Amino acid sequence: MLAIRAHSASGQRIAHIASVQRGWTRRTYSQHSDNATVSGAKPTLPPTSVAFADPKCDSHRCSRSTKVHFLPALSRPPPETPGRCDLLILGAGPTGIGAARRAEEHRQHGLPVDWLLLEASNDAGGLSRTEQSGNGFRWDLGGHVIYSHYEDFDRLLNQLFAQDELSQVPRARWVWMAGRLIPYPLQRNVHLLPADIALECLNGLLEAWHQGGSRENPATFEDWYRQGFGDSLAERFFRPLNKKMWATDPRLMGAYWVHAPSGSGHSNVPTVDFPRILENLVHGREDRGWTAQDVFPYPVAGTGEIWKRAWSSLPKDRVQTAARVVQIWCDDRVVELADGRRVAYERMISSLPVDVLAQMLADKPELSKHAKQLRATKCLVIGLGLEGKPPSILSE
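Conventions adopted
- Residues numbered from 1 in each chain as written.
- Predicted model: local features only at pLDDT ≥ 70, side-chain atom pairs only at ≥ 80, totals over all residues.
- Heavy atoms only, no water.
- Helix = DSSP H or I, 4+ residues; strand = E, 2+ residues; numbered from the N terminus.
- Buried < 20%, exposed > 50% of the residue type's maximum accessible area, 1.4 Å probe, protein only.
- Contact = heavy atoms within 4.5 Å.
- Areas by Shrake-Rupley, 256 points an atom, 1.4 Å probe, with all protein chains shown as cover.
- Arc of directions from axis to C-beta.
- Phe/Tyr/Trp six-rings, centres within 6.5 Å; stacked < 30°, edge-to-face > 60°.

Engineer: How should the overall build of the chain be read in this particular structure?
Structural biologist: Of regular secondary structure, the chain possesses eight helices and 18 strands. Across the 396 residues that make up the chain, the buried fraction comes to 45%. In the chain, once contacts between residues fewer than 6 apart in sequence are set aside, the share between residues at least 24 apart is 66%. In the form shown here, the chain has an accessible surface area of approximately 20900 Å², with 52% of it arising from carbon and sulfur atoms.

Here it is as structure tokens:
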């Protein structure tokens with residue numbers, strides 16, 4: 001059995017084979033090493049059929065590690081299953097391409113992994129594609145950043161790009177509020193707001209800081225930022241920002257993720273350090289969340305170029321585009337494609353949205369029913385191409 005764990009680096013995920021069981025001697029691989037320790041241990045993972053990853057991590061803001069979950073295997077073979085592979089990968093976005101690269105690396109090192117990747121569209125990249133308009137503007141589908149602290153991903157960039165093909169972009173971030181740009185994080189720079197708003201926000205921050213040790217665990221994201229930053233900043237900044245960012249009411253979101261490390265290795269939301277805020281106020285100092293040395297690499301041709309090149313590096317006989325899966329039989333581990341072909345597999349990694357995947361399970365109608373109850377958001381991205389010099393307020 002192949003157990004895969006996918007790690008994301010600022011929305012760019014690289015999958016790692018964690019263990020190999022079922023018919024082979026068990027080998028365990030570490031995240032940052034190709035060395036293997038071999039043991040005769042019995043399989044510790046349950047029998048499995050279909051694996052799927054959290055589709056939220058296809059979001060450009062996601063930087064969490066993604067666990068792959070498994071569904072139990074059943075029995076009842078559909079007819080006519082000519083193709084067969086050990087590992088079937090659905091979707092040629094960052095997750096699918098990363099999984100395929102890792103599987104191919106281990107196959108090249110002698111691990112008997114017969115894998116196949118299927119992509120429904122005609123191109124690779126998923127939500128990390130880059131489009132180019134007729135007048136030369138490039139558009140990344142969604143906003144992407146590369147704050148990687150994963151060695152494998154950094155090594156991939158170095159393999160795929162020459163240094164002059166990567167721009168070094170400053171990590172400058174600003175908040176437009178009260179008619180002015182305030183350096184991020186806003187909570188450290190509220191003294192730069194108009195005096196009446198600044199005083200209101202400071203009082204809220206002070207109260208939140210004093211109550212920090214006595215608060216209950218927040219049930220929602222809204223509870224978390226109100227408890228942490230006070231009502232004024234919650235109403236003026238955190239609530240409108242996050243409602244717009246996630247297209248969801250923060251009262252419907254959990255708070256477990258806010259302390260998770262982002263792609264940069266820092267927590268997703270900086271917490272309150274009131275002595276530091278007071279020091280900034282006294283000295284009239286900007287407290288930027290970055291330095292002149294804080295830069296990240298960004299492909300000149302757009303982030304889609306990462307996955308376009310990574311896709312091109314895969315063996316052509318193991319990847320297929322325009323290969324849309326329409327049905328999956330968990331019983332006998334068989335998928336059916338839109339053109340009528342069927343492929344049997346031992347194990348599967350799917351990077352499809354969970355609700356879409358569940359509705360494909362021909363022998364699991366109860367999962368399809370539950371999938372319709374899942375909440376999801378959609379985003380319409382409109383890109384604007386501007387010619388000429390940016391205004392002075394944006395020049396930095």
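Engineer: Quick question: what am I supposed to make of helix α5 (residues 274–283) here?
Structural biologist: One turn of the α-helix equals 3.6 residues, which is why residues spaced by three or four share an orientation. Buried within α5 we find Phe274, Ile277 and Asn280. The arc enclosing the buried residues of α5, seen along the axis, measures out at 120°, which places them on a common side. For α5, the exposed residues set more than 90 degrees away from the buried face come down to Val282 and His283. If you follow the buried residues of α5, they end up packed against α3 (195–210). At the exit of α5 stands Gly284, carrying a positive phi of roughly 60°.

Engineer: What exactly am I supposed to notice about the packing of aromatic side chains here?
Structural biologist: Centre-to-centre distance and the angle between the planes together describe a pair of aromatic rings. Scanning the entire structure with this criterion turns up 13 aromatic pairs. On the basis of an interplanar angle of 55° and a centroid distance of 4.9 Å, the ring pair of Phe221 and Trp257 is categorised as tilted. You can see Phe221 sitting in helix α4 (residues 221–246) and its partner Trp257 sitting in the loop between α4 and α5, a full 36 residues away along the chain. Given the relative accessible area of 12%, Trp257 is considered buried.

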